[in-house]
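Notes for the structure review
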Amino acid sequence: MAKYECNHHMKQFLNELPKCEHHLHLEGTLEPNLLFPLAKRNNIKLPSNFPKTVEELNERYKQFKDLQDFLDYYYIGCNVLINEEDFFDLAWAYFTKAHQDGTWHSETFFDPQSHTERGIKIETVVNGFKRASLKAQQEYGMSTNLIMCLLRHLPSNDGLKTIDSATEFLKDGSIKALGLDSAEKPFPPELFINCYSKVKEINPDLELTAHAGEEGDSNYVITALDELKVTRIDHGVNSIQDPKLMERLASEKTMLTICPLSNVKLNVVKDVSEIPLNEFLDAQVPFSLNSDDPAYFGGYILDNYITVHTRFGWSLETWVKVAKNGVEGSWISKERKIEINNAIDETYNKFKPLV
Ligand code: ADE
Ligand code: ZN
């Protein structure tokens, strides 16, 4: 279905273009070739009908029916993560790949409940991820933020307990934001109003986001904005169903964190060309492009950028706009935004005569 060529210079440009990633589940970076060794290292018995080899598992990952079918595998994968070192190894492998792909800033989700419900301490999870984030800052010059997600298929009371256990990290900024993920239907955002207001009581500076409008319709996006007071929407592709909402997202500069390859793998769309990216651009609805769960969906951030190019054939100028929208929507300082934007301009000037 590729309509446009992504030639060598264009690939190089997309690689060197400084990118910000805002929708990346650290647990979703668990590659099969790490999953099996970790299961062995930690003596975890995988279900009897679970694929037995890396190849078989990768093959199964090509056939997800929908979000829930994927989540069933994702949560089995989570079970092999036990020690702080496992969480560190997982995140460090991701940051290394993200750096190779030209990522300058990364805001990473994690799901504490998928670990604490197995008896793992939240400190084990957060400290492993924090150590890897710090190393990415020191060795790769990346800026990073951790976003704690609540699982919406669990009761909000469980979410409140999780928030309580994370108080220290929410207060000291180790966790920058609250998010909401897992099965979207039938768990609308308003079920979690108490959790979203609770984190703001703990630290008014915390940022808020939520998955909405991936399998749920545009009303999920509206209730996330109105009831949870989020300032960013994860996925949000179904916002296109409501022109008034589109106007609102544009005027309030609410960024959508779009995940092209994920949308195809989970059958939200048949092909990346169906994602209304040009409509979002025309309506000035800001969005960033992200990999979501790259180990499960067949590609990291650069793969997503390249696939989008083969479907949309954007000019360098449009790519610069998309990259700068991602910078603007990032939860980083003004100075860091200027730094990344200057590097985007430099990359543009380098490639303009070549592409
Ligand atoms: N958890 C991990 N990836 C997810 C996604 N794309 N949607 C909802 N929950 C998730
Ligand atoms: Zn997601």
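Rules of the game
Residues numbered from 1 in each chain as written. Chains lettered and ligands numbered in written order. Predicted model: local features only at pLDDT ≥ 70, side-chain atom pairs only at ≥ 80, totals over all residues. Heavy atoms only, no water. UniProt positions renumbered as here; feature names shortened; annotations may be inferred. Helix = DSSP H or I, 4+ residues; strand = E, 2+ residues; numbered from the N terminus. Contact = heavy atoms within 4.5 Å. Areas by Shrake-Rupley, 256 points an atom, 1.4 Å probe, with all protein chains shown as cover. Lys, Arg positive; Asp, Glu negative; His and termini not counted. Charge placed at Lys NZ, Arg CZ, Asp CG, Glu CD. Donors = N, O, S within 2.8 Å, 3.2 Å for Na, K, Ca; no water. Tetrahedral: all angles 85-135°; square planar, octahedral: opposite > 155°, others 65-115°. Buried < 20%, exposed > 50% of the residue type's maximum accessible area, 1.4 Å probe, protein only. Expected span 1.5 Å × (residues − 1). Arc of directions from axis to C-beta. Salt bridge = Lys/Arg side-chain N within 4 Å of Asp/Glu carboxyl O. Near = heavy atom within 4 Å. Polar contact = N/O pair within 3.5 Å; in protein donor to acceptor, adjacent residues only side chain to side chain. Nonpolar A, V, L, I, M, F, W, Y, C, P; charged D, E, K, R; others polar. Disulfide = S-S within 2.5 Å. Pairing = 2+ DSSP bridges.

Per an unreviewed UniProt entry, the recorded name for the protein is Adenine deaminase, and the organism is Wickerhamomyces ciferrii. According to UniProt, the comment filed for the protein under the heading Catalytic activity (unreviewed entry) is "adenine + H2O + H(+) = hypoxanthine + NH4(+)". Looking at the protein in UniProt, the text filed under Sequence similarities (unreviewed entry) is "Belongs to the metallo-dependent hydrolases superfamily. Adenosine and AMP deaminases family. Adenine deaminase type 2 subfamily."

What follows deals with the overall build of the protein. Broken down by element type, the protein carries 18 helices and eight strands. If one aligns the C-alpha atoms of the protein with their principal axes, the spans along those axes are about 55 × 45 × 40 Å. Here the analysis covers contacts within the protein between residues at least 6 apart in sequence; of these, 76% occur between residues at least 24 apart. Summed over its atoms, the accessible surface of the protein is roughly 14,600 Å², and 49% of this surface lies on carbon and sulfur atoms. Computing the positive centroid from 38 side-chain charges and the negative centroid from 53, the protein places the two 2 Å apart.

With that out of the way, let us pick up the coordination of the zinc ion (ligand 2). Surrounding the zinc ion (ligand 2) are the protein donor atoms H23 (NE2), H25 (NE2), H211 (NE2) and D292 (OD), which sit 2.1 to 2.4 Å from the metal. Each of the four donor atoms bound to the zinc ion (ligand 2) contributes to angles spanning 83 to 175°, and the resulting shape is irregular. If you list the donors of the zinc ion (ligand 2) from N- to C-terminus, the spacing comes out as H-x1-H-x185-H-x80-D. One end of the pair, H23, is in strand 1 (residues 19–25); the other, H211, is in strand 5 (residues 207–212), and 188 residues separate them in sequence. Taken individually, H23 and H211 each receive the classification buried, so the pair is uniform in this respect.

Before going further, it helps to spend a moment on helix 18 (residues 334–351). An ideal rise of 1.5 Å per residue puts 26 Å on 18 residues; helix 18 measures up with 26 Å between its terminal C-alpha atoms. All of the buried residues along helix 18 are R336, K337, I340, N341, A343, I344, T347, Y348 and F351. Projected down its long axis, helix 18 carries its buried residues within an arc of 160°, all on one side. Seen from the open side of helix 18, the exposed residues pointing more than 90 degrees away from its buried face are K334, E335, I338, E346 and N349.

Here we take up the pattern of salt bridges. Evaluation of the coordinates by the stated rule reveals 17 salt bridges. Of the charged contacts, one joins K135 and E139 as a salt bridge, the two residues approaching to 4.0 Å between their closest N and O atoms. Residue K135 and its partner E139 are both found in helix 7 (residues 122–140); the two are separated by four residues, about one turn of the helix. For K135, a relative accessible area of 27% translates into the label partly exposed.

Looking now at the environment of I258. Note that I258 resides in strand 7 (residues 255–258). In this structure I258 comes out as buried when scored by relative accessible area, which is 0%. When the C-alpha atoms of I258 and V221 are compared, they prove to be 13 Å apart, with 37 residues separating the residues in sequence. In this view, I258 contacts H235, V237, N263, I275, L277, F280, F287, S288, L289 and N290; residues no more than four positions away in its chain are not counted.

With that settled, consider the site of ligand 1. In the vicinity of ligand 1, the contacting residues are H25, L67, F70, L71, Y74, D181, S182, H211, E214, H235, D292 and D293. Here a nitrogen atom of ligand 1 and a side-chain polar atom of E214 are 2.9 Å apart. Here a nitrogen atom of ligand 1 and a side-chain polar atom of D292 are 2.7 Å apart. The element contributing the most residues to the shell around ligand 1 is helix 4 (residues 67–78), with four residues. Counted by class, the shell around ligand 1 contains four nonpolar, four polar and four charged residues.

Here we take up the state of the cysteines. Per the stated rule, a full pass over the model turns up zero disulfides. Between C20, a cysteine without a disulfide, and C259, which holds the nearest cysteine sulfur, the sulfur-to-sulfur distance is 15 Å. Judged by relative accessible area, C20 falls into the buried class, the value being 3%. Free of any disulfide, C149 has its nearest cysteine sulfur in C259, 12 Å distant.

On to the pairing of strand 2 (residues 103–110), then. Regular strands place side chains that alternate from one sheet face to the opposite one. In terms of burial, strand 2 is a largely internal element, seven of the eight residues being buried. In this sheet, strand 2 lies alongside strand 1 in parallel orientation, the contact comprising five bridges. By the bridge assignment, H25 is partnered in strand 2 with F109. In terms of strand pairing, strand 2 meets strand 3 (residues 143–151) through six bridges, oriented parallel. From the neighbouring strand, F110 faces strand 3, where its bridge partner is M148.

We now examine helix 12 (residues 243–251). Every buried residue of helix 12 is accounted for by L245, M246, L249 and A250. Take helix 12 and look down its axis: the buried residues cluster within an arc of 140°, on one side only. Away from its buried face by more than 90 degrees, helix 12 exposes K244, E247 and S251. Where helix 12 is buried, its residues contact helix 11 (218–227), strand 7 and helix 14 (277–282). Between the side-chain oxygen at the start of helix 12 and the backbone nitrogen of K244 there is a gap of 2.9 Å, and the oxygen is on D242.

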